[in-house]
Amino acid sequence: MITPTIKEKIITTEDLYCIGCGAKLQTTDPAVAGYIPASALTKQLADGGDKLYCQRCFRLRHYNEITDVPVEANTFTQLLNALGAVDALIVNVVDVFDFTGSVIPGLHRFVGHNPVILVGNKADVLPHSVKRRRVTDWLRRQAHAVGLRPEAIQLVSAAKGWQIPELLELIEKERRGRDVYFVGTTNTGKSTLINAIIKETAGIQDLVTTSRFPGTTLDRIEIPLDDGQKLIDTPGIIQTQQIAHILSAKDLKLVAPQKEMRPRVFQLQSGQTLFLAGLARIDFVSGAAGSFTVYVDNDLLVHRTKLINADAFWDKHRGELLAPPSTAELADFPDMHHEEFTPPDRSDIVIAGLGWVNVPGRVVVDVYTPQGIGVGVRPSLIGNN
């Protein structure tokens, strides 16, 4: 059975690593990953030294303060290249709320012959009416579309502990005595999932540092299993197309649903516009009247107006009524970019990390998003509305 032996001492006296983010500990440079004041390190070692946390993780865990630290640009490329050279089970964690923004491009080329389990995390944020089998089938089609052929697909909620025992059984079945590598992009909840596994098997709460901030895990974290192999949490691959990378800390909670989404349905005619706060804009340019269903965080403002008034309304109210971003943040916010879409059938227009709008087929819509943020069309996840 897959059982992390967390109560064993994971560190050595020569090389000390933060159990929260994986960074090698050092006491000399506060601006570099793994920094810990010498006095704090001495105290933690005196307390047993089996769970050492760097200053960044300590502040994040206790005060919700994030400190940016430099990460080598080739760190993630090296991580992916190494996957094909090991004999391991790869657990690829994606966000079912944001598959487009959380898929690792070309992962199938990096894993070599290693088997892959695809884990759809945050399944609890989808509307309760959605059949989980439908979501699993949809994830399989999306994975195949990007070249990934997983051995199995498992839906979970790491935050709520839902389906964690089932995932553990699946991992044990597929790993066949090998190491287990958890990989994913930032903000998929990968480290939260590791914590859920540790809690389920060893009864230890919140060992690995987690947060809504992208890039919390800085280096691989190795957790021994009871058969001598390892469960390895890797740093989240940075996917710059996710909207989380351009938001302030206080705004992140408005784009990352923590509870079941409430679909918002708008009966629109051509010549109307939907604003997703001040982050995105959907213009219904032409086509037959129909329902547009918005799937975003429940607390994010969705405002309807006439297309003829949209530019003036945007310019006047963005940063205030249409927020986030706030007026103070607009100066550093990317310029807006727009693309036109004409889906042949009812489809989802997806904005990476923000959510999606389900639109009728054979309509023309203009979608405005911050420059560099991913936007595209996919087959409906939830179906007709």
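Right, let's walk through the structure included here. (Residues numbered from 1 in each chain as written. Predicted model: local features only at pLDDT ≥ 70, side-chain atom pairs only at ≥ 80, totals over all residues. Heavy atoms only, no water.)

**Details of empty space enclosed by the protein**
Inference 1: Applying the stated criterion across every chain, the model contains two cavities of 30 Å³ or more.
Inference 2: In this structure, the second largest cavity spans a volume of roughly 40 Å³.
Inference 3: Taken together, the residues that form the lining of the second largest cavity break down as five nonpolar, three polar and no charged. (1 Å grid on protein atoms, 1.4 Å probe; cavity = no way out; pocket = protein on both sides within 12 Å on 5 of 7 lines; lining within 4 Å. Points joined across faces, edges and corners; volume = space filled by probe spheres on them. Nonpolar A, V, L, I, M, F, W, Y, C, P; charged D, E, K, R; others polar.)

**Points about the pattern of salt bridges**
Inference 1: Per the stated rule, a full pass over the model turns up 13 salt bridges.
Inference 2: Put simply, Arg-140 and Asp-137 hold a salt bridge, and the shortest N to O gap is 3.5 Å. Of this pair, Arg-140 and Asp-137 both sit in helix α6 (residues 132-145), three residues apart, which is roughly one turn of that helix.
Inference 3: Where salt bridges share partners, they join Arg-133, Asp-137 and Arg-140 into one cluster. (Salt bridge = Lys/Arg side-chain N within 4 Å of Asp/Glu carboxyl O. Helix = DSSP H or I, 4+ residues; strand = E, 2+ residues; numbered from the N terminus.)

**Some thoughts on the pairing of strand β4 (residues 179-183)**
Inference 1: Within β4, five of the five residues are buried, leaving the element largely enclosed by the surrounding structure.
Inference 2: Residues of β4 alternate between two faces, with Asp-179, Tyr-181 and Val-183 on one and Val-180 and Phe-182 on the opposite face, all of them buried.
Inference 3: Bridge count between strand β1 (residues 88-95) and β4: five bridges; the pairing is parallel. Each residue of the ladder has a partner; that of Ile-90, found in β4, is Tyr-181.
Inference 4: In this structure, β4 lies alongside strand β6 (residues 230-233), joined through three bridges in parallel fashion. (Buried < 20%, exposed > 50% of the residue type's maximum accessible area, 1.4 Å probe, protein only. Pairing = 2+ DSSP bridges.)

**Some thoughts on helix α8 (residues 190-202)**
Every α-helix winds through 3.6 residues per turn, so residues three or four apart in the chain are directed the same way.
Inference 1: With 13 residues, α8 ought to run about 18 Å at 1.5 Å a step, and its terminal C-alpha atoms sit 18 Å apart, in line with that.
Inference 2: Considered for burial, the residues of α8 that qualify are Lys-190, Ser-191, Leu-193, Ile-194, Asn-195, Ala-196, Ile-197, Ile-198 and Ala-202.
Inference 3: On the buried face of α8, the contacting elements are β1, β2 (116-121), α7 (164-175), β4, β5 (221-224) and β6. (Expected span 1.5 Å × (residues − 1). Contact = heavy atoms within 4.5 Å.)

**With respect to the packing of α7 against α8**
When two helices pack together, their arrangement is given by the angle between the helix axes and by the axis-to-axis distance.
Inference 1: Contact geometry of α7 with α8 gives a least axis separation of 10 Å together with a crossing angle of 90°. Judged by the angle between their axes, α7 and α8 are roughly perpendicular. Contacts between α7 and α8 involve Ile-164, Pro-165, Leu-167 and Leu-168 from the former and Leu-193, Ala-196, Ile-197, Glu-200 and Thr-201 from the latter.
Inference 2: Partitioning the contact of α7 with α8 into residue classes produces seven nonpolar, one polar and one charged. (Axes fitted to C-alpha atoms, helices over the stretch in contact; angles between N-to-C directions. Parallel < 35°, antiparallel > 145°, perpendicular 65-115°, else oblique.)

**Comments concerning the sheet that holds strand β12 (residues 336-341)**
Inference 1: What the five strands build is an open sheet, ordered β11-β8-β9-β15-β12; its pairing is antiparallel. A single partner strand is all that each edge strand has here, and the edge strands are β11 (302-306) and β12. Looking at each pair of strands side by side, their axes are set apart by 20° on average, direction ignored.
Inference 2: Most of the contacts of helix α10 (residues 307-317) go to β11, to which it runs at about 125°, and overall it touches β8 (272-276), β9 (280-286), β11 and β12.

**Considering the packing of aromatic side chains**
Inference 1: Under the definition given, this model contains six aromatic pairs.
Inference 2: Taken together, a centroid distance of 5.9 Å and an interplanar angle of 10° make the contact between Phe-275 and Phe-313 stacked. One end of the pair, Phe-275, is in strand β8; the other, Phe-313, is in helix α10, with 38 residues separating them in the sequence. For the pair shown, Phe-275 and Phe-313 are each scored as buried. (Phe/Tyr/Trp six-rings, centres within 6.5 Å; stacked < 30°, edge-to-face > 60°.)

**Observations regarding the nonpolar core**
Inference 1: By size, the foremost hydrophobic cluster in this structure holds 36 residues, and its most contacted members are Leu-83, Leu-107, Leu-139 and Trp-356.
Inference 2: Breaking this core down by element, the ones donating at least two residues are α3 (75-83), β1, β2, α6, β3 (152-155) and β4.
Inference 3: Residue contacts for Leu-139: discarding those within four places in its chain leaves Val-94, Val-96, Phe-99, Leu-118, Gly-120, Ile-153 and Leu-155.
Inference 4: Listed in part, the 34 residues of the second largest apolar core include Leu-16, Val-93, Ile-117 and Leu-167. (Core = buried A, V, L, I, M, F, W, Y, C linked by side-chain atoms within 4.5 Å.)

**A look at the environment of Ile-153**
Inference 1: Of note, Ile-153 is situated in strand β3.
Inference 2: For Ile-153, a relative accessible area of 12% corresponds to the buried category.
Inference 3: Taking the C-alpha atoms as reference points, Ile-153 and Val-119, separated by 34 residues in sequence, lie 5.8 Å from one another.
Inference 4: For Ile-153, the residues in contact, after removing those within four places along its chain, are Leu-118, Thr-136, Leu-139 and Arg-140.

**Overview of the sheet that holds β2**
Strand-to-strand pairing in sheets goes through backbone hydrogen bonds, with the strands running parallel or antiparallel.
Inference 1: Sheet architecture is open: six strands sit in the order β3-β2-β1-β4-β6-β5, paired in mixed fashion. Edge positions in the open sheet fall to β3 and β5, since each of these has one partner strand only. For this sheet the average axis-to-axis angle between neighbouring strands, irrespective of direction, equals 20°.
Inference 2: With six bridges joining them, β1 and β2 adopt parallel strand pairing. By the bridge assignment for β2, Val-94 is matched with Gly-120.
Inference 3: Each of β1, β2 and β3 touches α6; the most contacted strand, β3, lies at about 135° to it.

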